[in-house]
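Coordinates in review
Each chain, written out:
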Amino acid sequence: QTGWVSDSALVCQLAAGTGWGAFGEGPDAVVTVGGRSGTATGLFTYDRPRVTRVDGSSGPALGGFNATFYGSSFGAADYTPQGFVGDEPCRATRWSSDSALTCVLPAGYGSAEGVYVAIGGGFGSPAAGAGPF
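Residues numbered from 1 in each chain as written. Predicted model: local features only at pLDDT ≥ 70, side-chain atom pairs only at ≥ 80, totals over all residues. Heavy atoms only, no water.

**Things to note about the overall build of the protein chain**
Regarding its fold elements, the protein chain presents zero helices and 12 strands. Traced from its N-terminal end to its C-terminal end, the protein chain shows the element sequence β-β-β-β-β-β-β-β-β-β-β-β. Evaluated residue by residue, the protein chain yields a buried proportion of 31% over its 133 residues. Taking as baseline every contact in the protein chain between residues at least 6 positions apart, the subset at least 24 positions apart corresponds to 51%. (Helix = DSSP H or I, 4+ residues; strand = E, 2+ residues; numbered from the N terminus. Buried < 20%, exposed > 50% of the residue type's maximum accessible area, 1.4 Å probe, protein only. Contact = heavy atoms within 4.5 Å.)

**Considering the pairing of strand β7 (residues 82-85)**
Of the pairings in the sheet, the one linking β7 to strand β11 (residues 115-119) comprises four bridges and is antiparallel in character. Considered in β11, the bridge of Phe84 is made with Tyr116. Across two bridges, the pairing between β7 and strand β8 (residues 88-89) is antiparallel. When the bridges of β8 are listed, Phe84 appears paired with Pro89. In sequence, β7 turns back onto β8 through a hairpin of two residues, with Gly86 there showing a positive phi of about 60°. (Pairing = 2+ DSSP bridges.)

**A few points about the side chain of Ser73**
Among the secondary structure elements, Ser73 is positioned in the loop between β6 (66-72) and β7. If near-sequence neighbours (up to four positions away) are discounted, Ser73 is found in contact with Asp47, Arg48, Pro49, Asp98 and Ile119.

**What to know about the side chain of Thr93**
Tracing the chain through its elements places Thr93 in strand β9 (residues 92-97). For Thr93, the side chain forms a polar contact with the side chain of Gln82, separated by 3.4 Å. A polar side-chain atom of Thr93 sits 2.9 Å from the main-chain amide nitrogen of Gly83. Setting aside chain neighbours within four positions, we find Thr93 in contact with Pro81, Gln82, Gly83, Leu101 and Thr102. (Polar contact = N/O pair within 3.5 Å; in protein donor to acceptor, adjacent residues only side chain to side chain.)

**Focus on the pattern of salt bridges**
Enumeration according to the criterion identifies one salt bridge in this entry. Arg53 is the partner of Asp55 in a salt bridge, and the nearest nitrogen-oxygen pair spans 3.1 Å. Judged by relative accessible area, which is 34%, Asp55 ranks as partly exposed. A relative accessible area of 41% means that Arg53 is categorised as partly exposed. (Salt bridge = Lys/Arg side-chain N within 4 Å of Asp/Glu carboxyl O.)

**Here we look at the state of the cysteines**
A full pass over the atoms with the stated rule returns one disulfide. One disulfide bridge connects Cys90 with Cys103, the sulfur atoms lying 1.7 Å from each other. Around the S-S axis, the bridge from Cys90 to Cys103 shows a dihedral of about -100° and counts as left-handed. One end of the pair, Cys90, is in the loop between β8 and β9; the other, Cys103, is in strand β10 (residues 100-104), and 13 residues separate them in sequence. Considered together, Cys90 and Cys103 belong to a single accessibility category, that of buried residues. (Disulfide = S-S within 2.5 Å.)

Below, the structure is given as structure tokens:
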């Protein structure tokens, strides 16, 4: 919904979604009045995905087991998120909700690997202490 404020201002409610590119730019804002359109870029961004907790974060070095990532801004719908452990993508990532997804963990070893979620070309914030990888 969009509302007129003045000849130089509008107010609108943003739709649910994700949107930022590799360099942090947000989606374009397009205004059409009387058949003429104007576009502005970089006016807003959605919050980046953030992992705050991981359940099921310990298993064999061969990987292949499930871990659930909990957090925020994973998407109001399934925007095909990709989970990561360190620099390695999850073998599969299944979206459950804006605050939960399941990662089939990659092979690896060691501990204290960061976990994060990427959506639409933008990477979220690495989780500090979210899981003992």
